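Remarks on the overall topology
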Amino acid sequence: IVTASNDSTARLWEVSTGKCLAVMKHKRAVSSAVFSPDGTKILTASSDKTAKLWDLEGKELRFFLHNKGINAARFSTDGQKIFTASGDSTAKIWSIDGSLIQILNHPVSVRKLVVSKNDSLIITGASDMKFRMWKNTSSGKWTLFKTIEYTKGHDRSISFSNDNLYFI
């Protein structure tokens, strides 16, 4: 189990014993923590403006930087890309090696981000109460193709259905 906390840490826990195996430190609150698809790495996002890639022993492998706090970070299905969403009005797509691939600009803070199961769509939720849907084109670039307004409070979490036809 990996957990994210307001105490500036993410922690890796052994399921069977409840023992803490690693502590991964940021300078400010950690907003999300997820395992890589192959289970060999952990990705954390923090209000300290960084997302960090860790091994399972808690060793920092790489960091990804925004101009304001990072609200969410996710892996691509193959684990070769990282997606981040930030209060600096951007979502960024990175290569696992740390190079920036693309910036998805928004007019306001990006609070949520989810990637479809086949990496063909990204949905971002922003503080202007709009979901933005981004499609992966044949050239490998992401383009905005739909914006959906929602009512206040409906961006607490975003999830795709397994067939990528629906999101909630």
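The structure presented is a predicted model; accordingly, all values stated were derived computationally and were not measured.

Reading the values: rules and limits
- Residues numbered from 1 in each chain as written.
- Predicted model: local features only at pLDDT ≥ 70, side-chain atom pairs only at ≥ 80, totals over all residues.
- Heavy atoms only, no water.
- Buried < 20%, exposed > 50% of the residue type's maximum accessible area, 1.4 Å probe, protein only.
- Helix = DSSP H or I, 4+ residues; strand = E, 2+ residues; numbered from the N terminus.
- Pairing = 2+ DSSP bridges.

As a further point, take the pairing of strand β9 (residues 81–86). Taking burial as the measure, the six residues of β9 include five buried ones, the bulk of the element. Judged from the five bridges that link them, strand β8 (residues 70–75) and β9 form a sheet pairing that is antiparallel. Residue pairing across strands places A73 opposite T84, the latter belonging to β9. With antiparallel pairing between neighbouring strands as the criterion, β8 and β9 make up a hairpin whose turn holds five residues, including G79 at a positive phi of roughly 75°. Here β9 runs beside strand β10 (residues 90–95); their pairing, made up of five bridges, is antiparallel. Following the sheet pairing, A85 is matched in β10 by A91. Between β9 and β10, which pair antiparallel one after the other, the connecting turn spans three residues, and S89 there sits at a positive phi close to 70°.

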